[in-house]
Amino acid sequence: MGSARFDRPEDYWHRSSGGCGSMKNPAASALPSATGWMGCWWWPVASSVFRERSLNTDDGAPRHRVQPHPDGAFQIMGQAVVVTSGGIGGDHDLVRKVWPKRLGTPPETMVSGVPAHVDGRMLAISQARGARVINPDRLWAYVEGVRNWDPIWANHGIRILPGPSSLWLDASGQRLPAPFYPGFDTLGTLKHLRETGHDYSRFVLTQKVIEKEFALSGSEQNPDLTGKDHRLLLARLKSGAPGPVEAFKEHGQDFVVANSVEELVAGMNRVGEPGMISEDHLRELLETHDLEIGKKFSKDAQVTAVRGARQYLGDRLIRTAKPHKFLDPRNGPLIAVRLNILTRKTLGGLETDLSARCLTESGQVLPGLYAAGEVSGFGGGGMMGYNALEGTFLGGCLFSGRVAGRGAAGDV
Ligand SMILES: Cc1cc2nc3c(=O)[nH]c(=O)nc-3n(C[C@H](O)[C@H](O)[C@H](O)COP(=O)(O)OP(=O)(O)OC[C@H]3O[C@@H](n4cnc5c(N)ncnc54)[C@H](O)[C@@H]3O)c2cc1C
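**Q** Would you explain the overall build of the protein in this entry?
**A** From N to C terminus, the protein includes 14 helices and 17 strands. When contacts within the protein are restricted to residue pairs at least 6 apart in sequence, long-range pairs at least 24 apart make up 76% of them.

**Q** What is the right way to read the nonpolar core from this model?
**A** What tends to happen in soluble globular proteins is that the nonpolar side chains get buried as a cluster. Of all hydrophobic cores here, the largest spans 75 residues; its most connected members are Tyr 370 and Ala 371. It is strand E14 (residues 334–346) that contributes the most residues to this core, seven residues altogether. The two domains that each donate at least three residues to this core are domain 1 (2–85 + 120–138 + 347–411) and domain 2 (141–342). When neighbours within four sequence positions are excluded, Tyr 370 is seen to be in contact with Ala 80, Val 81, Val 82, Val 83, Ala 356, Arg 357, Cys 358, Ala 404, Gly 407 and Ala 408.

**Q** Is there a simple way to explain helix H10 (residues 261–271) in this structure?
**A** Since one α-helical turn is 3.6 residues long, residues separated by three or four positions face the same way. Where H10 is concerned, the buried positions are Leu 264, Val 265 and Met 268. With its buried residues spanning 95 degrees around the axis, H10 presents them on a single face. Across from the buried face of H10, at angles greater than 90 degrees, the exposed residues are Glu 262 and Arg 270.

**Q** When you look at the sheet that holds strand E17 (residues 365–371) in this model, what are you seeing that I'm missing?
**A** In space, the three strands of this open sheet follow the order E5-E17-E16, with mixed pairing throughout. Lying at the two open borders of the sheet, with one neighbouring strand each, are strand E5 (81–83) and strand E16 (357–359). Averaged over all adjacent pairs, the angle separating strand axes in this sheet is 55 degrees, with direction ignored. The sheet contact formed by E16 and E17 spans two bridges and is antiparallel. Residue pairing for E17: Leu 359 is matched across the bridge by Val 365.

**Q** Please explain the pairing of strand E9 (residues 157–162) as it appears in this structure.
**A** A regular strand carries its side chains on alternate faces of the sheet. Within E9, five of the six residues are buried, which leaves it mostly tucked inside the rest of the structure. For E9 and strand E12 (residues 214–216), the ladder comprises three bridges, and the chain directions are antiparallel. Looking at E12, one finds that Leu 161 is bridged to Ala 215.

**Q** What is the right way to look at unusual backbone geometry in this model?
**A** For residues that are not glycine, phi is negative in most cases, and the peptide bond is trans in most cases. Residue Pro 179 follows Ala 178 across a cis peptide bond; omega there is 5 degrees. The residue Pro 179 is located in the loop between strand E10 (167–170) and helix H5 (186–195) in this model. Between Gly 332 and the following residue, Pro 333, the backbone shows a cis peptide bond with an omega angle of 5 degrees. Along the chain, Pro 333 turns up in the loop between helix H13 (313–318) and E14. Even without a glycine there, the phi angle at Asn 135 is positive, about 50 degrees. Among the secondary structure elements, Asn 135 is positioned in the loop between strand E7 (133–134) and strand E8 (139–147). Here the phi dihedral of Ala 356 falls at roughly 65 degrees; this positive angle occurs in a residue that is not glycine.

**Q** Could you clarify how one ought to interpret the packing of H10 against helix H11 (residues 279–294) in this entry?
**A** It is the contact of H10 with H11, at a shortest axis distance of 10 Å, that shows an interaxial angle of 120 degrees. Relative to H11, the element H10 is oriented oblique. Every pair of crossing elements has a handedness; the one defined by H10 and H11 is right-handed. Along its contact with H10, which presents Val 261, Glu 262 and Val 265, the element H11 presents Glu 279, Leu 282, Arg 283 and Leu 286. Split into classes, the residues belonging to the contact of H10 with H11 amount to four nonpolar, no polar and three charged.

**Q** What is the right way to read the environment of Thr 360 from this model?
**A** Checked against the element boundaries, Thr 360 lands in the loop between E16 and E17. Here Thr 360 falls in the partly exposed class, since 14 other C-beta atoms lie within 10 Å of it. A sequence separation of 233 residues divides Thr 360 from Gln 127, and the C-alpha atoms of the two residues are 8.6 Å apart. Not counting residues up to four positions away in its chain, the partners in contact with Thr 360 are Gly 130, Ala 131, Arg 132 and Leu 366.

**Q** Sorry if this is basic, but what is going on with the pairing of E14 here?
**A** Most of E14 sits out of view: 13 of its 13 residues are buried. Relative to E14, strand E6 (residues 111–112) runs parallel, the two being bridged by two bridges. Looking at the pairing, Ser 112 lines up with Thr 343 of E14. Taken together, the five bridges between E8 and E14 define a ladder with antiparallel strand orientation. Residue pairing for E14: Ala 141 is matched across the bridge by Thr 343. As defined by bridge partners, strand E13 (residues 255–258) adjoins E14 across four bridges and the pair is classed as antiparallel. The partner of Val 257 across the bridge, within E14, is Ile 335.

Conventions adopted
- Position numbers for residues count from 1 along each chain, tracking the sequence in the order it is written.
- In keeping with the model being predicted, local features are shown solely for residues with a pLDDT of at least 70 and side-chain atom pairs are shown and tallied solely at 80 or more, while totals for entire chains, interfaces and linings include all residues.
- Helix and strand definitions follow DSSP, with helices as H or I runs of at least four residues and strands as E runs of at least two, each counted in order from the N terminus.
- Working definition of a contact: two residues with C-beta atoms, positioned from the backbone, lying within 7 Å.
- A set of buried Ala, Val, Leu, Ile, Met, Phe, Trp, Tyr and Cys residues, joined through C-beta atoms within 7 Å, is what we mean by a nonpolar core.
- Between the buried cut of 20 or more and the exposed cut of 12 or fewer other C-beta atoms within 10 Å of a residue's own C-beta lies the partly exposed class, and all C-beta atoms are placed from the backbone.
- For the purposes of this description, domain bounds are those given by an automatic or database domain assignment.
- It is the directions from the helix axis to the C-beta atoms whose arc is reported.
- Here, any two strands with at least 2 DSSP bridges between them count as paired.
- Helix axes are fitted only over the stretch in contact, all axes being lines through C-alpha atoms; the angle between N-to-C directions runs from 0 to 180 degrees.
- An angle below 35 degrees is read as roughly parallel, one above 145 as roughly antiparallel, one from 65 to 115 as roughly perpendicular, and any other as oblique.
- Should the near helix be turned anticlockwise from the far one by less than a right angle, the crossing is left-handed, and should it be turned clockwise, the crossing is right-handed.
- Residue classes follow a fixed rule: Ala, Val, Leu, Ile, Met, Phe, Trp, Tyr, Cys and Pro count as nonpolar, while Asp, Glu, Lys and Arg count as charged, and any other residue, Gly among them, counts as polar.

Below, the structure is given as structure tokens:
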């Protein structure tokens, strides 16, 4: 027998933005018959409106009971509780608390790549009831976050999924060493950037690069894909940046668009800490880049990687710009983007057995408590390992949700 206590609705209505905003809870759909079974069916409904405050795993309450409280909160009793509350990225203090030493000091300033309600609160609540959290420091923060000019939640950051051509500089304007090129090695780049002592870095690129190489993560940033609009999707093949990218160029506070290096540097020093970027140094970097682009056999590993990427037809068509000189005005204007660290995925969490049952510190099954999805590290407390592949997270949510639903159904 378990129960969950919910507060009254808070600011929980929100526009969806993320990988599975419209998905049904697989834990619920795995149940043979949801009707009349309190332990799971209420979860997706209640959790979208009410905020869970506490959890009991053995309170001796009768089956299927909803108990209102005088303060407006209510408690639901059932044979099992499935926790599917997501990761921790909405609570930056919690992110800093679990920040792994191997990635250096935690950043003071980050942007939120997840809604505020993805705050890890249920981890502590479940722990208080005896559940064990494992691998809490396996977090995945991205290094290409820009502040959303049209935010949905507080401090809303959008991740750029970059192609390989932008020059990547640290906050002081030094080019990042190999292999830290755009889209190459998120955690390696994050570790390197933490050693620079600054919470941000920069891309320097051209109009030609942004048109082909900037994709933005998030459902509202990809209306063609999320709206299944084939006409809009085909427009990606045309020249010009997609509408949402152009909107960032125009309104985004992290973007600088300029017709000369001098103007670009002035903008970069305005957007970042003043005086950090030297015009002479940036001009030299750009001239060196253009020199290498002109050579048939470049010794610049990034130039070689860009040429390699274009050997693949898909990348050549929609992902990698034709190598070009950044200082040639025909390829301009020049663009600089300040990149913030963006919180996103939580790869550790509530430890479970193979039936998604939560385990205690001593490895015993905690009766009636299940966990699935990101709160359990996409299953089990770390099913994905640490170097999870991009885009494979939803699979773990679906799979562990199905297992939890089946396991919980067995308790009814
Ligand atoms: C912008 C973005 C892009 C992404 N892109 C991809 C991608 O391309 N591929 C991929 O595989 N993954 C992607 N992800 C990750 C993926 O979307 C998440 O890992 C996945 O949605 C997690 O699902 P979940 O059901 O475990 O948690 P969530 O979807 O976070 O749902 C948790 C729910 O629990 C509720 N909740 C939390 N705390 C409480 C509480 N105390 N009381 C009551 N309710 C509570 C929340 O309101 C929320 O509705 C992306 C995520 C984001 C944000």
